[in-house]
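Now for the letters of each chain:
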Number of protein chains: 2
Amino acid sequence: MSSGAFSRLTIDTNALKSNYRFLQDKVGPTCSVAGVVKADGYGLGVDVVVPALEKAGCTFFYVAQWEEALVVRSLTQHPIAVLGGLVEGLEKRYAHLGIVPVLNTPSEVARCPADLPAIWHIDTGMNRLGLDPEDVAGLFAKHPAPMMMMTHFTSSEDVDASPSQQQVSDFDAVAPVSIPQSICNSSGIFKSDLWHRNQVRAGVALYGANPTPETENPMSDVVKLETRILQIRSVKAGETAGYNRTYTFPKDTRLATVGLGYADGFLRSGSNSSALYWNGQACPVVGRVSMDLIIVDIGGVTGIQPQEGHWMEVIGPHQSVDQLATSWKTIGYEVLTSLSSRAERVIV
Amino acid sequence: MSSGAFSRLTIDTNALKSNYRFLQDKVGPTCSVAGVVKADGYGLGVDVVVPALEKAGCTFFYVAQWEEALVVRSLTQHPIAVLGGLVEGLEKRYAHLGIVPVLNTPSEVARCPADLPAIWHIDTGMNRLGLDPEDVAGLFAKHPAPMMMMTHFTSSEDVDASPSQQQVSDFDAVAPVSIPQSICNSSGIFKSDLWHRNQVRAGVALYGANPTPETENPMSDVVKLETRILQIRSVKAGETAGYNRTYTFPKDTRLATVGLGYADGFLRSGSNSSALYWNGQACPVVGRVSMDLIIVDIGGVTGIQPQEGHWMEVIGPHQSVDQLATSWKTIGYEVLTSLSSRAERVIV
């Protein structure tokens, strides 16, 4: 064992760059792909993600919060937009640092300094953040026009595109074509070329999750996560595994306990429902996921047998981010943003 | 707004110290309370937790992984035990740094240097990590005796103590009374004074979660989590909230969108099931929790109304760690270890 780490997260920056270029090719030269790097680059680390995206040609970044923008500012000279709005009291610092507020409320539009380039976010169905379309004409009458206008899809990954089409129509009704526009998230890019406009905002697809869940994933895998086997033991039929004995073994088998748990972002909802992989073979999680440890049943492994000290695959060629998410009853986004802070990071 | 932070985590070190002293009083002078500070002190930060526990009298710490021990070593001179075992190749470094391996496998016992104080972990029902009781006599015959022997309960928080009693009996059958013993976790401490022995290992109770779920929580609250309201809007009956429109409003109401999401550790399983609090009044989460944002229905608030920029309570006097966990279909441990890395931290 070269280090003491119990888990290892490998990030393939070539795959990340390739994903960026694939999306840029897809939207063509009249549209640019902005990189969404909020939540520490969806859990991969902005220090790794921002320079790689910049090398691939990215010239505009989005974060969720002001303090994320400060970190990203230390990594790139390009504009950074803050989706979470214009923090009261910090208005002058945005211009000073080349940080672009995404204005979500009429009061933010009113507070925005006249010389600060800003994006207006029009809410067309999320009811989360954004300006009411009914208010937009009045804001144009009273305030300087924004550098860009955006909206956000509620369900662009769904096969049924009609709700997204309705959102685009509602957006178009208030957004003059003379101002640059940004509508699409990752899934939206694949739904209609008519929605690409001037800029798309790529997030989860850059990091390898499937933006087109109904078809094969067009993106390359960026993340691999492995964990060490700390102990192997034999158990008899009728014995149980883990906290509160939620799993009883139907027959004699062998178990591997690995050094990964919910404190590493392997959510507890994977108890008795997820699997890890050994040499391409699924080994089911038995019993509850605990804080630092998971037990898997390796009794079905054929061929070379796993040993204490070996690595098992958590995310990799046999289990995608999206597949793991399904076994946790969630989505790939949450798998990525939960990724281990205790893991040893390997940057390829 | 004094800073740009969208969430604020307050840690009450006096409550933490008070919890430590309460447990030490409970076990009495013949037993010592070790502090379990794995997973970055259950998400609170070892840099805060370890010095506070030491001031309260703690002289022995547990972590899960070797690399956690290195961090804790920079914070205290007291012994630190690594539950995850004796990492192969690093055996000599344990002694050098005063780090105590918890030996879980016969091969770890065999690899352990004769002059390195170690703890033997006997597995009595978890089937996770630990020595098989059948192997213990043979190990005593061949290897130096450990400084302590331990085991770990599967379900000490259950009202039915008989499985725990069976585990203690199985432990006692192989653990000579001449060697110090450690059996209890937080819940076990409250189940039987006969199980306290020489050392108990307190984790989640120190951080304020209830070790006795069937009765009132004897511990003091340590953690408070708040989040900023970024936008307030009115919606009409029949409108929807958030991704995939999973919630439809039965009547006109008002919404607050706050700057906290699953990337901050507010798990997505809280979608449409959790609540935040305003002035002691529950405001239900409507729609899906998104990466950086949550929408709550504030239409039922009476009295002073929440405004953009105000803070709402996520964890605090009106919603305990355990109550929030229930709304996520999990346990307080997972709430704590998921706590926001983006939050502004306030240490009281």
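Residues numbered from 1 in each chain as written. Chains lettered and ligands numbered in written order. Predicted model: local features only at pLDDT ≥ 70, side-chain atom pairs only at ≥ 80, totals over all residues.

If you tally the helices and strands in chain A, you get 11 helices and 18 strands. When its C-alpha atoms are laid out on the principal axes, chain A stretches across 75 × 40 × 40 Å. Of all intrachain contacts in chain A linking residues separated by at least 6 positions in sequence, the fraction that spans at least 24 positions is 61%. (Helix = DSSP H or I, 4+ residues; strand = E, 2+ residues; numbered from the N terminus. Contact = placed C-beta atoms within 7 Å.)

Attention shifts here to the domain arrangement of chain A. Residues and elements named next belong to chain A. According to the domain assignment, chain A contains domain 1 (31-202) and domain 2 (223-347). Centre-to-centre separation of domain 1 and domain 2, based on C-alpha positions: 38 Å. Facing five residues of domain 1, the contacting portion of domain 2 comprises six residues. Of the residues contributing to the side of domain 1 that touches domain 2, the split by class is four nonpolar, one polar and no charged. (Domains from an automatic or database assignment. Nonpolar A, V, L, I, M, F, W, Y, C, P; charged D, E, K, R; others polar.)

All names here are of chain A. Judged by how many residues are buried, strand E2 (residues 32-36) sits mostly within the fold: four of five residues are covered. For E2 and strand E9 (residues 199-202), the ladder comprises four bridges, and the chain directions are parallel. Bridging across to E9, Ala 34 finds its partner in Arg 201. Relative to strand E3 (residues 61-63), E2 runs parallel, the two sharing two bridges. Opposite Gly 35, over in E3, you have Phe 61 as the bridge partner. (Buried ≥ 20, exposed ≤ 12 C-beta atoms within 10 Å, placed from the backbone. Pairing = 2+ DSSP bridges.)

Another aspect to go through is the environment of Ser7(A). Residues and elements named next belong to chain A. Position of Ser 7 among the secondary structure elements: in strand E1 (residues 7-11). On the basis of neighbour count, Ser 7 is assigned to the buried category, with 24 C-beta atoms found within 10 Å. Sequence-wise, Ser 7 and Val 27 are 20 residues apart; in three dimensions their C-alpha atoms are separated by 37 Å. When neighbours within four sequence positions are excluded, Ser 7 is seen to be in contact with Leu 225, Glu 226, Thr 227, Gly 259, Leu 260, Asp 264, Ser 340, Arg 342 and Ala 343.

So, about the nonpolar core. Counting residues in hydrophobic clusters, the biggest one holds 222 residues, and the most contacted among them are Val296(A) and Val296(B). The residues touching Val296(B), leaving out its near neighbours within four places in the chain, are Leu255(B), Ala256(B), Val258(B), Leu276(B), Cys283(B), Pro284(B), Val285(B) and Val286(B). (Core = buried A, V, L, I, M, F, W, Y, C linked by C-beta atoms within 7 Å.)

This part covers helix H1 (residues 13-27) of chain A. All names here are of chain A. Relative to the 21 Å expected for 15 residues at 1.5 Å per residue, H1 spans 21 Å between its end C-alpha atoms, a close match to the ideal helical length. For H1, the complete set of buried residues consists of Ala 15, Leu 16, Lys 17, Asn 19, Tyr 20, Leu 23 and Val 27. Packing partners of the buried residues in H1 comprise E2, helix H3 (46-55), helix H9 (186-189) and E9. Once H1 ends, the next one or two residues include Gly 28, with phi positive near 80 degrees. (Expected span 1.5 Å × (residues − 1).)

Many structure descriptions define interface size as the accessible area lost when the parts assemble. Chain A puts 54 residues into the contact, and the matching count from chain B is 54 residues. At the level of elements, helix H2 (38-42), helix H4 (66-73), strand E10 (223-235), strand E11 (240-241), strand E13 (253-258) and helix H11 (332-337) of chain A are the ones that each hand at least two residues to the side of chain A that touches chain B. Per-element tally for the side of chain A that touches chain B: the top contributor is E10(A), with four residues. Considering only residue class, the side of chain A that touches chain B consists of 21 nonpolar, 21 polar and 12 charged.

Between chain A and chain B, the superposition needs a rotation of 180 degrees and an axial shift of 0.0 Å, giving an RMSD of 0.0 Å. What we have between these two chains is a two-fold relation. A symmetric contact is evident, with 100% of the interface residues of chain A recurring at the interface of chain B. (Least-squares fit on C-alpha atoms with pLDDT ≥ 70 in both.)

Attention now goes to the packing of helix H1 (residues 13-27) of chain B against helix H3 (residues 46-55) of chain B. Residue and element names in this part refer to chain B. Contact geometry of H1 with H3 gives a least axis separation of 9 Å together with a crossing angle of 50 degrees. As the angle between them shows, H1 and H3 are arranged oblique. Where H1 crosses over H3, the two elements pack in a sense that is right-handed. Facing Thr 13, Leu 16, Lys 17 and Tyr 20 of H1, the residues of H3 in contact are Val 48, Val 49, Ala 52, Leu 53 and Lys 55. In terms of residue class, the contact of H1 with H3 is made up of six nonpolar, one polar and two charged. (Axes fitted to C-alpha atoms, helices over the stretch in contact; angles between N-to-C directions. Parallel < 35°, antiparallel > 145°, perpendicular 65-115°, else oblique. Left-handed = near helix turned anticlockwise from the far one by under 90°.)

With that out of the way, let us pick up helix H4 (residues 66-73) of chain B. For an α-helix, 3.6 residues make a turn, and residues three or four places apart therefore share a direction. Residues and elements named next belong to chain B. Every buried residue belonging to H4 is among Trp 66, Glu 68, Ala 69 and Val 72, and all of these are buried. One side of H4 carries all its buried residues, which in axial view fall inside an arc of 155 degrees. Considering only its buried residues, H4 is in contact with helix H2 (38-42), H3, strand E3 (61-63), strand E4 (80-82) and strand E5 (99-103). (Arc of directions from axis to C-beta.)

Here the focus is the environment of Thr13(B). Residue and element names in this part refer to chain B. By secondary structure assignment, the location of Thr 13 is in helix H1. Accessibility expressed as a C-beta count within 10 Å gives 18 for Thr 13, which makes it partly exposed. Taking C-alpha positions, Thr 13 is 6.2 Å from Ala 52, a pair spaced 39 residues apart along the chain. Discounting chain neighbours no more than four positions away, the residues touching Thr 13 are Val 48, Ala 52, Ile 347 and Val 348.

So, on to unusual backbone geometry. You will see that Arg197(A), though not glycine, has its phi angle at about 50 degrees, which is positive. Residue position: Arg197(A) is located in the loop between H9 and E9. A residue is classified by how many C-beta atoms lie within 10 Å of it, and Arg197(A), with 22 of them, is buried. Even without being a glycine, Asn272(B) presents a positive backbone phi close to 55 degrees. Considering the arrangement of structural elements, one finds Asn272(B) in the loop between strand E13 (253-258) and strand E14 (275-278).

All names here are of chain B. Of note, Gly 238 is situated in the loop between strand E10 (223-235) and strand E11 (240-241). For the pair formed by Gly 238 and Cys 31, sequence separation is 207 residues and the distance between their alpha carbons is 61 Å. Among all residues touching Gly 238, those that are not within four sequence positions of it are Thr 248 and Phe 249.

This part takes up the confidence of the model for chain A. Fine structural detail should not be taken from predicted coordinates in areas where pLDDT scores are low. Averaged over every residue, the pLDDT of chain A is 96; residues scoring 70 or more account for 99%. Both scores are available for the predicted complex, with the pTM at 0.95 and the ipTM at 0.95. (pLDDT = per-residue confidence, 0-100.)

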